[in-house]
Amino acid sequence: MTHASSPSARPLRVTRAQAPLSGSIRVPGDKSISHRALMFASLARGETHITGLLEGEDVLRTAAAMRALGAQVAQHAPGDWRVSGLGIGKLREPEDVLDMGNSGTAARLLSGILASHGMVSVMTGDASLRRRPMKRVMDPLAGTGATFMAREGGRLPMAIHGLADPKPLDYRLPVASAQVKSAVLLAGLNAQGQTRVEEPVATRDHTENMLRHFGAHVKVEETPQGGRVILLQGRPDLVARDVVVPGDPSSAAFPIVAALLVPGADIIISTVGLNPLRTGLFITLQEMGAQLEVTNIRTEGGELVGDLHVRASSLKGVTVPADRAPSMIDEYPILAVAAAHASGVSRFCGVEELRVKESDRLAATVALLENNGVKTAVEGDDLVVYGTSNAIPGGGVVQTHMDHRLAMSASVLGLVAQNPVEIDDTAFIDTSFPGYLQLMNSLGAGFAL
């Protein structure tokens, strides 16, 4: 079955794994850090050498956009890139529309850069991205003095008339979002004075880490309510610094959960990012009883990394508190698969942010499970999954809605379901995890490519 908006769909039929997963792998570079490395390197003076860059479609769109804005961006070998930046405020007006493909991260972060340069630009994306709301970045960024014109509901395509002398922003996020926070901070780079962002719950801080890495002055204060205030001094002299991109913990989530669920599995995933604001899934899985051991912890490029040793485990249901959601927002679909296989009931609290991902990821995750015989419930902003005690019926068709994480989650579910699982499209997996199916097959998954 194909999805109407994906004419080149690659459907996949997944059957139960016939043997334990085993071996040692490295997952692609962290997507969040890869996007930011290209953007900050383009805003810094001099040449930045980036190693381990994720070369999925989303990140390549960011590379193309920064090139269109005047930076020199070139690949020298797989994962090995060099970027010659122009300096803060010196990007050039693009000659054509910037097509961000499927990447909401790229579109939202780039909005902050474009709003704070004296130029007119237009952004668009694929059918999926054009359905996603941009108003959440348009509204705060309008405070710089930039003007935005978009389709109804703040959807792409969107035209931005930026300012060469933008006003600094003082903004409190209504909902925790690393993308909105980062867009505001990126706009603040070219503003005279101090930009202030307050977030109700701490979200991934790759932007703050990388700003410091390139020489910006960033101060972070904890609030009594458990949130954070980030203060950025405008117009810093960003200078080229080499960046090592660790393996993406969000990508590692899929082989991790597969290894936990497939009987007898025993795998190692090397050099995975361990940023404390990204490891909510690892903590949750350990609470569920996962044999997930972190070894060889070290620091590379300002980020914690380590190796993960994962073995098949008997999992039990768990309640995940709402304040953990920002540290694992992309991992709920695959966690839902783990919960479906576990014994007992799991409740994921405060997952409203899932409604505005690549798809309505909450509704799509419910459909993924329900279509394969797993009982769920949505109660307010909570998702409840009723575990099957290692007996997921399967036999359903999964509509991925052009969402890479749903496709990968469905593939893992198929490895342990009692009946084959049909996935309508796996083409979009390459946006975040190029070579995923082949890498899983190297462990013994047996996907029929």
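Here the structure is a predicted model, which is why all the values come from computation and not from measurement.

Cut-offs and rules
- Sequence order as written defines residue numbering, which begins from 1 separately in each chain.
- Where totals are concerned, whole chains, interfaces and linings use all residues; where local detail is concerned, this predicted model gives features only for residues with pLDDT of at least 70, and gives and counts side-chain atom pairs only at 80 or more.
- For side-chain calculations, the full set of non-hydrogen atoms in the structure is used, while hydrogens and water are omitted.
- Any two strands with at least two DSSP-identified bridges between them are counted as paired.
- Only DSSP runs of H or I covering at least 4 residues are called helices, and only runs of E covering at least 2 are called strands; the numbering of each starts at the N terminus.
- Here, two residues are considered to be in contact whenever any of their heavy atoms come within 4.5 Å of each other.
- The convention used is that axes are lines fitted to C-alpha atoms, helices contributing only their stretch in contact, and that angles between N-to-C directions extend from 0 to 180 degrees.
- We define the nonpolar core as a collection of buried residues of types Ala, Val, Leu, Ile, Met, Phe, Trp, Tyr and Cys that are connected through side-chain atoms lying within 4.5 Å of one another.
- In this scheme, a residue with accessible area under 20% of its type's maximum is buried, one over 50% is exposed, and one in between is partly exposed, where area comes from a 1.4 Å probe on protein chains only.
- Using only the protein atoms, space was sampled on a 1 Å grid; points where a 1.4 Å probe fits but cannot get out form cavities, open sets with protein on both sides within 12 Å along at least five of seven lines form pockets, and lining residues are those with an atom within 4 Å of a point.
- Grid points are joined across faces, edges and corners, and a volume is the space filled by probe spheres set on the points.
- Gly is placed with the polar residues, together with every amino acid not listed as nonpolar (Ala, Val, Leu, Ile, Met, Phe, Trp, Tyr, Cys and Pro) or charged (Asp, Glu, Lys and Arg).
- We define a polar contact as two N or O atoms separated by no more than 3.5 Å, with the added condition that, inside protein, one atom must be a possible hydrogen donor and the other a possible acceptor, whereas residues neighbouring each other in sequence contribute only through side-chain atom pairs.
- Should a side-chain nitrogen of Lys or Arg be within 4 Å of a carboxyl oxygen of Asp or Glu, the pair is scored as a salt bridge.

Trainee: With reference to specific residues and values, describe the sheet that holds strand E21 (residues 382-386).
Mentor: If you walk across this open sheet you meet the four strands as E18-E19-E21-E20, and the pairing is mixed. The sheet terminates laterally at strand E18 (319-320) and strand E20 (376-379), the two strands that pair on one side only. Judged from the four bridges that link them, E20 and E21 form a sheet pairing that is antiparallel. Pairing of Ala-377 across the sheet is with Val-384, part of E21. Across the face of the sheet, helix H9 (residues 332-341) comes into contact with E18, strand E19 (345-348) and E21 while running at roughly 165 degrees to E19. Set on the sheet, helix H10 (residues 361-370) makes contact with E20 and E21; between it and E20 the angle comes to about 160 degrees.

Trainee: Mind laying out the nonpolar core, listing which residues take part and the relevant values?
Mentor: Counting 76 residues, the largest nonpolar core has Leu-285, Tyr-332, Phe-348 and Tyr-436 as its most contacted members. Looking at this core element by element, the count peaks at nine residues for helix H7 (residues 249-261). Not counting residues within four places of it along the chain, the set of residues in contact with Leu-285 comprises Ile-256, Val-257, Leu-260, Ala-290, Leu-315, Leu-335 and Ala-338. With 63 residues, the next largest nonpolar core counts Ile-50, Val-180, Val-184 and Leu-186 among its residues.

Trainee: How would you explain the layout of surface pockets if you had to name every residue and give the values?
Mentor: For the second largest pocket, the calculated volume is near 160 Å³. In terms of lining, the second largest pocket is formed by 13 residues, of which the most central are Leu-261, Val-262, Pro-263, His-341 and Asn-390. For the lining of the second largest pocket, the elements supplying multiple residues, two or more each, are H7 and helix H11 (404-416). Partitioned by chemical class, the residues of the lining of the second largest pocket number eight nonpolar, four polar and one charged.

Trainee: Outline the pairing of strand E5 (residues 80-86), supporting the account with residue identities and numerical values.
Mentor: Bridge count for strand E3 (residues 45-51) against E5 is seven bridges, and the pairing is antiparallel. Paired with Arg-45 across the bridge in E5 is Leu-86. Of the pairings in the sheet, the one linking strand E4 (residues 72-77) to E5 comprises five bridges and is antiparallel in character. Opposite Val-73, over in E5, you have Val-83 as the bridge partner. Count of turn residues in the E4/E5 antiparallel hairpin: two residues, of which Gly-79 carries a positive phi of about 75 degrees.

Trainee: So what's going on with the side chain of Thr-62? Residues and values would help.
Mentor: If you trace the backbone, Thr-62 turns up in helix H2 (residues 57-68). Among the polar contacts listed, one links the side chain of Thr-62 to the side chain of His-35, at a separation of 2.8 Å. Beyond its immediate chain neighbours, meaning those up to four positions away, Thr-62 contacts His-35, Leu-38, Met-39, Met-100 and Ala-106.

Trainee: Describe the pattern of salt bridges, listing the residues and the values that go with them.
Mentor: Per the stated rule, a full pass over the model turns up 28 salt bridges. Notably, a salt bridge pairs Glu-198 with Arg-196, separated by 3.3 Å at the nearest N-O pair. One salt bridge connects Asp-330 with Arg-405, and the closest N-O pair in it is separated by 3.7 Å. Here Arg-405 lies in helix H11 and Asp-330 lies in the loop between E18 and H9, a separation of 75 residues in the sequence. Both residues of the pair, Asp-330 and Arg-405, belong to the buried class.

Trainee: Requested: an account of empty space enclosed by the protein, with residues and values cited.
Mentor: Tallied over the full model, the rule gives two cavities of 30 Å³ or more. The computed volume of the largest cavity comes to approximately 40 Å³. In terms of lining residues, the largest cavity is bounded by Asp-30, Ile-33, His-206, Pro-246, Pro-249, Gly-273, Leu-274, Asn-275, Arg-278, Glu-303 and Leu-304. Along the lines of polarity and charge, the residues of the lining of the largest cavity split into five nonpolar, three polar and three charged. In this structure, the second largest cavity spans a volume of roughly 40 Å³. Lining the second largest cavity, in full, are Leu-43, Ile-88, Gly-89, Ile-113, Ser-116, His-117, Leu-186, Leu-189 and Asn-190. Among the residues making up the lining of the second largest cavity, the classes are represented as five nonpolar, four polar and no charged.

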